[in-house]
Amino acid sequence: MSLSTEDRRARDTPKPPVTTRAAGDRPVTKLPLRHRLRRDRTLILMTLPAVALLLVFAYVPLAGNVVAFQDYDPYIADNAFEAISQSPWVGFEWFQQMVNDRLFWSALKNTLVIFLLQLTLFFPVPVLLALFVNSFVRPRVRAVAQAILYLPHFFSWVLVVTVFQQMFGGAGLIAQTLREHGHEGFDLMTDPGLFKFLITFEMIWKDAGWGVIVFLAALASVSPDLYEASAMDGANRWRRMWHITLPALRPVVALLLVLQVGNALTVGFEQILLQRTAVGPGASEVLDTYVWNVGITNGGFSYAAAVGIVKGVFGLLLVLGANKIAHLMGEQGVYKK
């Protein structure tokens, strides 16, 4: 069947992009998938190594969570795959044991207390430091202050704990200075009651500079014309900060809060493990160290996997809930509605 000239012309003419209308009745042009792939091919190639690393080290190991429903024995076969296939199934036995485990609930309590303490004391510090650094007039002074604040982020936790030990330990600089002047020394590094505050201030000293970088990047997107116009209208520095600077930081604050809530059950494994023996497990045992002791030290791989699954599901629910609250407050959060 032959086609007419008009039919061939209609067949060979490229289809126009699909046009839809958003909630505000503004036309939104949606390009075909092949056009978007061609347009973003450079960015896609740049992200492929990161996606590969994420698949290998984050998503592929998720298949190993099947041992949470087995009595897994890694020595039953020559390799892990055969050991998983030959281990007997026990259903939800490990989850029932976890519910009845007093040590698990103690570790969960310590984890939540440390998280709330860090959320209250740590999270506002980068915002305040970013506002302080942004108030510097000279760019060189601002760059130097930013570099000094960001430098501890590159230190390992071994070095951070060592610095605090030399400053606040029983043989530290402050304790020795007090003894030389006739006062009684102290040792903050071995006080179980102050341990939660200690690790919070260690985190502030180490990672507050990273948050400053994020908030300064958000402040850099604010047009200077807004500050000039408000100054001409008679607004002082506090008014400009309240009506211009803080609203500019609000979306970033909402996003970081959602991400921080998602890590509620992850409060620093390496940091706490390094100081665990100094204060005892009663004050320092969190879910990460609990999983380490049960799974690696004692060989309870299946029970540790069950705790890890509960931790992951709980973190996912927290992210979804916090993101929903961000949407209700008019913010985008991690993803749009």
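Residues numbered from 1 in each chain as written. Predicted model: local features only at pLDDT ≥ 70, side-chain atom pairs only at ≥ 80, totals over all residues. Heavy atoms only, no water.

Caption draft 1: Structural view of a nonpolar patch on the surface. A cluster of nonpolar side chains, namely Val51, Leu53, Leu54, Leu55, Val56, Phe57, Tyr59, Val60 and Leu62, defines an oily patch on the protein surface of about 910 Å² accessible area. Tracing the backbone shows Phe57 in helix 3 (residues 41-59). On the accessibility criterion, Phe57 (66% relative accessible area) is exposed. (Patch = residues over 30% accessible without salt bridge, like charges linked within 9 Å, V, L, I, M, F, W, Y side chains within 5 Å. Areas by Shrake-Rupley, 256 points an atom, 1.4 Å probe, with all protein chains shown as cover. Salt bridge = Lys/Arg side-chain N within 4 Å of Asp/Glu carboxyl O. Helix = DSSP H or I, 4+ residues; strand = E, 2+ residues; numbered from the N terminus. Buried < 20%, exposed > 50% of the residue type's maximum accessible area, 1.4 Å probe, protein only.)

Caption draft 2: Up close: helix 7 (residues 124-134). Taken as a whole, helix 7 has its buried residues at Pro126, Val127, Ala130, Leu131 and Val133. The buried side chains of helix 7 occupy one side of the element, clustering within an arc of 165° when seen end-on. Away from the buried face of helix 7 by more than 90 degrees, exposed residues Leu128 and Phe132 are located. (Arc of directions from axis to C-beta.)

Caption draft 3: Focus on the pattern of salt bridges. For the coordinates displayed, the defined rule picks out four salt bridges. Here Glu285 and Arg276 are joined by a salt bridge, their closest N and O atoms 3.0 Å apart. As far as the burial class goes, Glu285 and Arg276 line up, both buried. Across the salt bridge formed by Asp288 and Lys311, the nearest N and O atoms sit 2.4 Å from each other. Note that Asp288 is positioned in helix 16 (residues 287-297) and Lys311 in helix 17 (residues 301-328), a separation of 23 residues in sequence. Asp288 sits in the buried class, given a relative accessible area of 15%.

Caption draft 4: Quick peek at the packing of helix 12 (residues 224-232) against helix 13 (residues 237-262). Across the interface, helix 12 lies against helix 13 with an axial gap of 11 Å and an inter-helix angle of 150°. Comparing the axis directions of helix 12 and helix 13 gives the class roughly antiparallel. Crossing of helix 12 against helix 13: the hand is right-handed. Between helix 12, through Leu226, Tyr227, Ser230 and Ala231, and helix 13, the contact on the second element is made entirely by Arg240, Ile244 and Thr245. Class assignment of the residues belonging to the contact of helix 12 with helix 13 gives a composition of four nonpolar, two polar and one charged. (Axes fitted to C-alpha atoms, helices over the stretch in contact; angles between N-to-C directions. Parallel < 35°, antiparallel > 145°, perpendicular 65-115°, else oblique. Left-handed = near helix turned anticlockwise from the far one by under 90°. Contact = heavy atoms within 4.5 Å. Nonpolar A, V, L, I, M, F, W, Y, C, P; charged D, E, K, R; others polar.)

Caption draft 5: Structural detail: the side chain of Gln271. Looking at the secondary structure, you find Gln271 in helix 14 (residues 269-279). At a separation of 3.0 Å, a polar atom in the side chain of Gln271 contacts the side chain of Glu202. (Polar contact = N/O pair within 3.5 Å; in protein donor to acceptor, adjacent residues only side chain to side chain.)

Caption draft 6: View of the packing of aromatic side chains. The final tally for this structure, using the stated rule, is 13 aromatic pairs. Seen from their ring centres, Phe69 and Phe95 are 5.4 Å apart, and the 35° between their planes marks the pair as tilted. Residue Phe69 is located in the loop between helix 3 and helix 4 (80-86), and its partner Phe95 is located in helix 5 (residues 93-99); the two are separated by 26 residues in the primary sequence. Assessed through its relative accessible area of 25%, Phe69 is described here as partly exposed. Owing to a relative accessible area of 14%, Phe95 belongs among the buried residues under this scheme. Judged by centre distance (5.6 Å) and plane angle (50°), the ring pair of Phe269 and Trp292 falls under tilted. Here the residue Phe269 occupies a position in helix 14, and Trp292 occupies one in helix 16, the gap between them amounting to 23 residues. Given the relative accessible area of 28%, Phe269 is considered partly exposed. On the basis of relative accessibility, which here comes to 36%, the residue Trp292 falls in the partly exposed class. (Phe/Tyr/Trp six-rings, centres within 6.5 Å; stacked < 30°, edge-to-face > 60°.)

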